[in-house]
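Next come the chains, spelled out residue by residue.
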Amino acid sequence: MTILMSRWLNGKFQALLDEASSLGEPFRAERRETLIAAWNFLHLSQHVPITISGSRLRFAEVFLPYNTSWWKELSTEVERTKRSVTYSLLAQTGWAATAAVIGILLFFVTSIDYQSIGSLGVAVSCLWIWMIPVNFGWVRVGTQNSSSTIKEAIERSASKAVFRHEQAFGDANFGFKDLSASGNLIDVERGVLSALAPTPSSAMGITRLPPALSGDAMNAGPIFNFARPRLYAGMVVEIIRAFSQMNINLKQRTRVDGTVWKPAAESDQNFTGNSVQIEDYIFPKRRETGQCDLPRIAGKMSYGPRLKWMMLVSSFIAITAQWGTVGSAILIAYKTPVQGLGCMSGSYLLYGITSTIAWGFLLLSANLPHYLSMNDRKDHKVSSRFVSTLHLLGPLSRYIGKCLAVLNAFWLLCASVLPFTNAFVNCWCMSCAVSLKKSAWVILWADDSQIADIARSSWIGGVVMSLFVTALLAIIFTVGPGNGPAKYGR
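Report on the accompanying structure. As the structure is a computational prediction, the values presented were derived from the model and not from experiment. (Residues numbered from 1 in each chain as written. Predicted model: local features only at pLDDT ≥ 70, side-chain atom pairs only at ≥ 80, totals over all residues. Heavy atoms only, no water.)

**Here we look at the packing of helix α1 (residues 2-20) against helix α13 (residues 307-335)**
Interaxial distance between α1 and α13 falls to 9 Å at its minimum, and their mutual angle equals 140°. For the element pair α1 / α13, the angle class is oblique. Along the contact surface, α1 presents Leu-4, Met-5 and Trp-8, while α13 presents Leu-307, Trp-309, Met-310, Val-313 and Ser-314. (Axes fitted to C-alpha atoms, helices over the stretch in contact; angles between N-to-C directions. Helix = DSSP H or I, 4+ residues; strand = E, 2+ residues; numbered from the N terminus. Parallel < 35°, antiparallel > 145°, perpendicular 65-115°, else oblique. Contact = heavy atoms within 4.5 Å.)

Now the structure itself:
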């Protein structure tokens with residue numbers, strides 16, 4: 001989901017840069033610097049629940065040319081604390097991958113007791129190998145050194161912000177606010193604090209939810225990115241919309257106060273006006289309603305991403321990674337004589353099923369705030385009992401999913417270690433009594449070479465499947481995020 005959102009962000013800022021390229025100097029260079037800085041900040045802050053903060057006047061002023069230095073400082077601060085792809089990381093990842101491959105190769109070329117830990121060792125390797133590309137992928141998509149760096153970057157860069165109206169001043173969270181461990185109500189569809197909403201929620205079709213119901217979207221960390229696509233996309237859409245309006249104003253040489261445009265030598269005077277004029281300059285109002293012309297629902301506007309498609313693709317990749325590696329371990333254990341569902345293959349199957357169920361519960365809890373927000377729209381009115389059920393189901397599904405995930409992690413460790421202690425070397429486990437029942441039997445006289453002849457094709461198939469999935473993940477995580485707006489780079 002993080003990769004898909006990054007690609008969408010790249011495309012939208014490329015379009016903004018293309019718009020800015022038609023502007024004359026000095027605005028062309030200034031717009032380019034501002035847009036690249038804004039893209040870099042938004043790209044590197046996905047793992048934290050940030051939102052648009054402050055008054056509408058304050059938010060409008062950050063898009064004016066005299067705040068270019070603020071955007072650049074904000075970008076510099078988050079760039080300084082991001083996890084980078086270093087030679088050390090590449091070396092560690094390379095050695096881990098090499099060790100896994102060597103271990104698999106040694107399994108096929110050395111004489112091992114296949115009835116005990118032989119086939120199981122390669123099965124465990126296939127079970128865990130997905131961690132190599134995933135750990136590299138989190139660094140590749142642009143995570144930070146800690147959960148507090150985005151908040152600190154916002155606060156440190158505040159000194160560079162320029163606000164010409166006294167009403168714009170306030171706390172240190174200029175432009176954005178980190179919602180981690182915050183008690184603020186938020187607009188879940190637009191990524192803004194309730195104080196910024198220009199109209200009541202019933203008029204805009206937006207519900208303000210407390211953090212308890214917003215769920216994991218309010219938790220810092222890349223592992224929770226799946227829970228905040230609407231919060232993040234809603235915020236980015238409004239920023240893109242404001243930048244696009246600023247490009248239009250510059251192209252048409254429109255002054256803030258509506259008077260005649262001054263030449264470039266006096267360009268600073270073109271952006272002087274009262275608070276109402278500045279707000280209308282960035283957020284023009286619809287003539288027929290007098291409401292601010294901002295998108296209602298990020299996913300339904302031309303500016304917004306196709307969130308349902310993104311969720312479908314990311315879910316498919318997650319399920320493929322999960323069952324591509326677990327499935328290979330199950331195949332190896334299941335097809336090793338005695339063939340059938342035994343203690344080893346059953347433990348891997350239980351891990352895979354529980355992981356999928358936990359994922360489903362967490363995904364449900366992440367999407368419930370969206371359906372709660374839909375309840376306030378006139379065309380989506382539902383019964384109060386249904387709303388109460390959603391309020392209960394949100395936290396409940398989140399807690400169930402997390403409990404299952406914790407227990408399943410413990411079970412995975414046990415399932416990976418127990419085969420090496422010969423805990424499964426007993427008649428009940430080795431005879432696959434779980435699936436064969438009364439037809440269960442054990443091997444008494446077959447040697448290792450005979451067992452290998454029967455099971456070698458399944459061992460090769462399992463290894464190839466896990467390596468294919470791992471390579472596919474490595475390609476996705478390396479190429480997927482892109483390098484920012486294509487023509488301009490970082």
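**Focus on the packing of aromatic side chains**
Scanning the entire structure with this criterion turns up 11 aromatic pairs. Both rings, one in Phe-63 and one in Phe-243, keep their centres 4.8 Å apart while their planes meet at 85°; by these two values the pair is edge-to-face. You can see Phe-63 sitting in the loop between α3 (56-61) and α4 (68-80) and its partner Phe-243 sitting in helix α11 (residues 229-251), a full 180 residues away along the chain. Here Phe-63 falls in the buried class, since its relative accessible area comes to 0%. Their ring planes at 85° and their centres at 6.0 Å tell us that Trp-261 and Phe-271 sit as a pair that is edge-to-face. A residue pair is termed long-range when its members are at least 10 positions apart, and Trp-261 in the loop between α11 and α12 (275-282) and Phe-271 in the loop between α11 and α12 qualify at 10 residues. Residue Phe-271 is classed as buried on the basis of its relative accessible area, which comes to 3%. (Phe/Tyr/Trp six-rings, centres within 6.5 Å; stacked < 30°, edge-to-face > 60°. Buried < 20%, exposed > 50% of the residue type's maximum accessible area, 1.4 Å probe, protein only.)

**Side note on helix α7 (residues 131-140)**
Residues lying three or four places apart along an α-helix face the same way, a consequence of the helix completing one turn every 3.6 residues. Within α7, 7 of the 10 residues are buried, which leaves the element mostly enclosed by the surrounding structure. Listed in full, the buried residues belonging to α7 are Ile-132, Pro-133, Val-134, Phe-136, Gly-137, Val-139 and Arg-140. Positive phi appears at Gly-142, one or two residues downstream of α7, with a value of about 100°.

**Things to note about the packing of α1 against α11**
At a closest axis distance of 10 Å, the pairing of α1 and α11 adopts a crossing angle of 5°. Here α1 is positioned roughly parallel relative to α11, judged by the angle of their axes. Contacts between α1 and α11 involve Met-5, Trp-8, Leu-9, Lys-12, Phe-13, Leu-16, Glu-19 and Ala-20 from the former and Pro-229, Tyr-232, Ala-233, Val-236, Val-237, Ile-240, Phe-243, Ser-244 and Asn-247 from the latter. Of the residues in the contact of α1 with α11, the class split is 13 nonpolar, 2 polar and 2 charged. (Nonpolar A, V, L, I, M, F, W, Y, C, P; charged D, E, K, R; others polar.)

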